[in-house]
Amino acid sequence: MEPVYPDFVPDPADSHSEMESLQVDIADTAIFADAFETDIFDSHALVAGVDQGFDGDDAISAIVVMRDGHVVERVHASVPTQIPYIPGLLSFREGEAILAAFAKLETEPDVALFDGSGRIHFREAGLATHIGVTLDLPSVGVAKSLLCGRPTESLDDPLPVGSRVPIVADGNVTAPDGTVIGYALQSRQYDSGNRYINPLYVSPGHRISAETAADLVEGCCAGYKLPEPTRLADSYAAELTG
DNA sequence: GCGACAG
DNA sequence: ATCTTGTCGC
């Protein structure tokens, strides 16, 4: 796949203010509502998992495409990193490697799951939103910790599997206060013991609503905390790193 | 100035 | 993200 919006391709050489300005434009173009070409819940739907690993100064992006529980295609691309990790600007660090991997992909996914946030972002343009809009591909952000926003109820106590707690915009997010920008989703939990598993933070990237994004991620989980496409992309990136 | 911050 | 041992539970 190639970018549909070349102007949105992340450029690590930009100044921080240019990056933030681009994010405002991307958020303005993003659609945080269901707008797919094909039904992403159909058993024939192609769901991609995207994750990055690092090998020295290189960022390695791994993409695994699945259909009905089986791997259809997987690709990876390695690109030297230009900038360090900066909260709020993650897509400018990892974006080039991700787009290089998508360029190698022969399959056209119906939706992609990214490691990181989508709308749960200061300017509503996290990694999943940035790449999703640039490719004009339905996308979802799956993060393991919360960047910003406020849960409508405490997440300090363990939640049962399937629980969802809305994440709403607060003063640190450009969306109006109270806007649901994502969900904490308890994808897995220990049935006994003292320890407990933290929830995933799911948010819409592009062309999907917060509710549908949570439905999709929940449906892609197969006994592990992470949805299968993400989990396989994760281990693929890990084996490319060693 | 203070606090908060995906991967 | 990445560096790593021990520890808990089935």
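Being a predicted model, the structure only gives us computed values, none of them experimental.

(A) The protein's contact with DNA strand C, seen in detail. Close to DNA strand C lie Gly 53, Phe 54, Lys 144, Ser 192, Asn 194 and Arg 195. Each atom of DNA strand C within 4 Å of the protein was assigned to sugar, phosphate or base; sugar and phosphate come to 88%. In this structure, a phosphate oxygen belonging to DNA strand C sits 3.2 Å away from a main-chain N or O atom of Phe 54. Between a phosphate oxygen of DNA strand C and a side-chain N or O atom of Lys 144, the distance comes to 3.2 Å. Across the surface near DNA strand C, the residue classes tally to 1 nonpolar, 3 polar and 2 charged.

(B) Examining helix α2 (residues 90-104) more closely. Over its 15 residues, α2 extends 22 Å from the first C-alpha to the last, a length consistent with the 21 Å expected when each residue adds 1.5 Å. The sharpest bend along α2 reaches about 35 degrees and sits at Glu 96. By the criterion of burial, α2 is predominantly enclosed, with 11 of the 15 residues buried. Here α2 has its buried residues at Leu 90, Ser 91, Phe 92, Arg 93, Glu 94, Gly 95, Ala 97, Ile 98, Leu 99, Ala 101 and Phe 102. Buried residues belonging to α2 abut α1 (16-29), β1 (46-55), β2 (58-67), β3 (70-80), β4 (111-115) and α3 (127-135).

(C) Spatial organisation of the nonpolar core. Counting 21 residues, the largest nonpolar core has Ile 63, Phe 102, Phe 114 and Ile 131 as the members making the most contacts within it. Counting residues per element, the ones that place at least two in this core are β1, β2, β3, α2, β4 and α3. Per-element accounting of this core gives the leading share, 5 residues, to α2. The contacts of Phe 114, once residues within four sequence positions are left out, are Val 50, Ile 98, Phe 102, Ala 128, Ile 131, Ser 139, Val 140, Gly 141 and Val 142. Judged by nonpolar contacts, the second largest core, of 16 residues, contains Val 47, Leu 113, Leu 185 and Val 202.

(D) Representation of the pairing of strand β9 (residues 200-206) in the model. Judged by how many residues are buried, β9 sits mostly within the fold: 7 of 7 residues are covered. Where strand β8 (residues 180-185) and β9 come together, 3 bridges link them in antiparallel fashion. Across the sheet, Ala 184 pairs through a bridge with Tyr 201, a residue of β9.

(E) Local environment of the sheet that holds strand β7 (residues 164-168). The strand order across the open sheet formed by 9 strands is β3-β2-β1-β4-β5-β9-β8-β7-β6, and the pairing between neighbours is mixed. In this open sheet, the two edge strands, each paired with only one partner strand, are β3 and β6 (150-151). Pairing geometry for β1 and β2, over 10 bridges, is antiparallel. Looking at the pairing, Gly 49 lines up with Val 64 of β2.

(F) The side chain of Thr 179, seen in detail. Take Thr 179: it is sitting in the loop between β7 and β8. Polar side-chain contacts of Thr 179 include one of 2.6 Å to the backbone oxygen of Pro 176. Once residues within four sequence positions are removed from consideration, Thr 179 is found in contact with Arg 119, Ile 167, Val 168 and Ala 169.

About the thresholds
Residues numbered from 1 in each chain as written. Chains lettered and ligands numbered in written order. Predicted model: local features only at pLDDT ≥ 70, side-chain atom pairs only at ≥ 80, totals over all residues. Heavy atoms only, no water. Near = heavy atom within 4 Å. Polar contact = N/O pair within 3.5 Å; in protein donor to acceptor, adjacent residues only side chain to side chain. Nonpolar A, V, L, I, M, F, W, Y, C, P; charged D, E, K, R; others polar. Helix = DSSP H or I, 4+ residues; strand = E, 2+ residues; numbered from the N terminus. Expected span 1.5 Å × (residues − 1). Bend = angle between axes of the 7 residues up to and from the residue. Buried < 20%, exposed > 50% of the residue type's maximum accessible area, 1.4 Å probe, protein only. Contact = heavy atoms within 4.5 Å. Core = buried A, V, L, I, M, F, W, Y, C linked by side-chain atoms within 4.5 Å. Pairing = 2+ DSSP bridges.

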